[in-house]
Structure formats: structure tokens, C-alpha cells
Amino acid sequence: MTRQYRYYDFVMALFVTVLLLSNLLSSAKIIDMGASIGPIPLVFDAGTLVFPIAYIFGDILTEVYGYKRSRRVIWAGFGATVLMGLFVWLASILPGELDWQSRVGQPAFDAVLGGISGLVVASLAAYLAGEFTNSYVLARMKIATEGRYLWARTIGSTLVGQIVDTATFFVIATALDVFPADLFVSLVLTNYILKVGIEVVLTPITLLVVNALKRAENEDAYDRDTNFTPFSVDV
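Residues numbered from 1 in each chain as written. Predicted model: local features only at pLDDT ≥ 70, side-chain atom pairs only at ≥ 80, totals over all residues. Heavy atoms only, no water.

1. Looking at the overall build of the protein
When helices and strands are tallied, the protein shows nine helices and two strands. In sequence order, the secondary structure elements of the protein are arranged as α-β-β-α-α-α-α-α-α-α-α. Relative to a compact globule of 235 residues, whose C-alpha radius of gyration would be 18 Å, the protein shows 19 Å and is just as compact. Principal-axis analysis of the C-alpha atoms gives the protein an extent of 60 × 45 × 30 Å. Every one of the 235 residues in the protein was classed for burial, and the buried ones make up 46%. (Helix = DSSP H or I, 4+ residues; strand = E, 2+ residues; numbered from the N terminus. Rg over C-alpha atoms; globule rule 2.2 N^0.38 Å. Buried < 20%, exposed > 50% of the residue type's maximum accessible area, 1.4 Å probe, protein only.)

Put into C-alpha cells, the structure is as follows:
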């Protein structure tokens, strides 16, 4: 019989919410803080404001519940993102009402959300590669450190997972014309710095949540005999 947990479903719901919100914000706006590193301006898509929180939830899920249950949540997020992309695309091709056309208009809709189909393709590929990398590295580091140095595991797994995620996302999104090619280096650099930086800043909160959940759930999973294939939802 599969063990039941008090808070697992809530963490899953928050994880998926953050993932969907990050995709919508990424399509909606590119932010320029007016700063630069040498000749490279620091610009980033608005989804970067919230997407690192998904990695924090990923760390929490793997650390407390184990890789297999984290894998299940990753696939739940994948399915939700596909569904969002499908219905945004459907809304874009259906005819607009006359008053809406005069107030907002199809060009405005397309300018903000028209690229979301390409964005979703890039996001899903990057999301799967990055989240599974993050979860795998965290689980392996937990075994190697015998459960010690949680802060090092969360930050270390993020350093690896985010470079995989960020590079994959912007290579595909730029190829699909979601973002202009001349911003590629700036977007990759800025997004990586911000994502890792947010993870580091929020590490104390992550540790508090992890330790509280371990006590509340009476669980502290170790993936010693886990099959790390990503292509499963079994627990």
C-alpha cells in the first residue's frame, strides 16, 4: 500500500502553479534593469522572477519524499504546461468579439501570448532536462554526504540543474523566434545569475521548510536503491 502524506499534494499544487505562472510571465515581458556586466546588458524574461521557486520546491520534494515522488510531480507539471499551451493556442485562433477587438485586439494578444506555443516547447524541454538533473544531483549528493550539508546539496544541485535548464530553454526559444537572437547571451547570463542567486538567498527558508516537513511527515527519503529513469510516474 502506498504511504499517504499530509502535505505532499499541497507542495505539488504550489510547484505546478509556479511553473505555469513562470511560462505566462516569460511570454509577457522582458525586463531590463539598466545594468550590465561589461558589454553584456542584464536583461531577463519576467518568468525568472518566479521560476527559481519551482527549483526550491523540487529540492524540497526530493529531499523529503525522494526522487520517485519528485519525478511524479515533474511529470504533473509537464502535463499542466502542455494543457496551458494548448488552450492559449486555441484561444488565439478563435475569432474575437467586436468590442474586445476594438479595446484589446488580436495583435495585442499575439504580441503578449502569441509566442507561448514556441515558449512552451522550449520550456518543456528545458524543464524536463533541468528538473530531472536537479533532482538526480540532489539525491546522489544526499547519499554521498550521508544526509549532511543540506545547504550544499540544494545549492550544488541548482548550479547544475539551472545551467542545463537555462541553456536548453534559450537555445530552443531563440531558434523558434520567441526571443531575439541578439539578446541570447544577455538572457542566458542574466537568467542563470538570477536563478542561482534567488536559490542562494532563499536557502535558509528552504532549510526551514525541509526540516519542518521531515518532522511533520516523519519522512526523510534516501534514494539508495532508486531507479533514476525519468520515464516513469510510479512511486
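Don't stop here, the text continues.
2. Some thoughts on the pairing of strand E2 (residues 40-45)
Bridging between strand E1 (residues 30-37) and E2 involves five bridges; their strand directions are antiparallel. Note on E2: the bridge partner recorded for Ile31 is Phe44. The hairpin formed by E1 and E2 contains two residues between the paired strands, and Gly38 there has a positive phi angle of roughly 65°. (Pairing = 2+ DSSP bridges.)

3. Details of the side chain of Asp165
Along the chain, the position of Asp165 falls in helix H7 (residues 150-175). By relative accessible area, Asp165 is classed as buried at 3%.

4. Thoughts on the packing of aromatic side chains
Evaluation of the coordinates by the stated rule reveals 13 aromatic pairs. Judged by centre distance (5.2 Å) and plane angle (75°), the ring pair of Tyr8 and Tyr65 falls under edge-to-face. Of this pair, Tyr8 sits in helix H1 (residues 8-28) while Tyr65 sits in helix H2 (residues 51-65); the two residues are 57 residues apart in sequence, bridging distant segments of the chain. Residues Tyr8 and Tyr65 agree in their burial class; the two are buried. Plain terms: the ring middles of Phe169 and Phe170 are 4.8 Å apart, the flat faces sit at 80° to each other, and that makes the pair edge-to-face. (Phe/Tyr/Trp six-rings, centres within 6.5 Å; stacked < 30°, edge-to-face > 60°.)

5. Focus on the confidence of the model for the protein
On average, residues of the protein score 90 in pLDDT, and 99% of them are at 70 or above. When mean pLDDT is compared element by element in the protein, helix H9 (residues 203-217) scores highest at 95, while E2 scores lowest at 82. (pLDDT = per-residue confidence, 0-100.)

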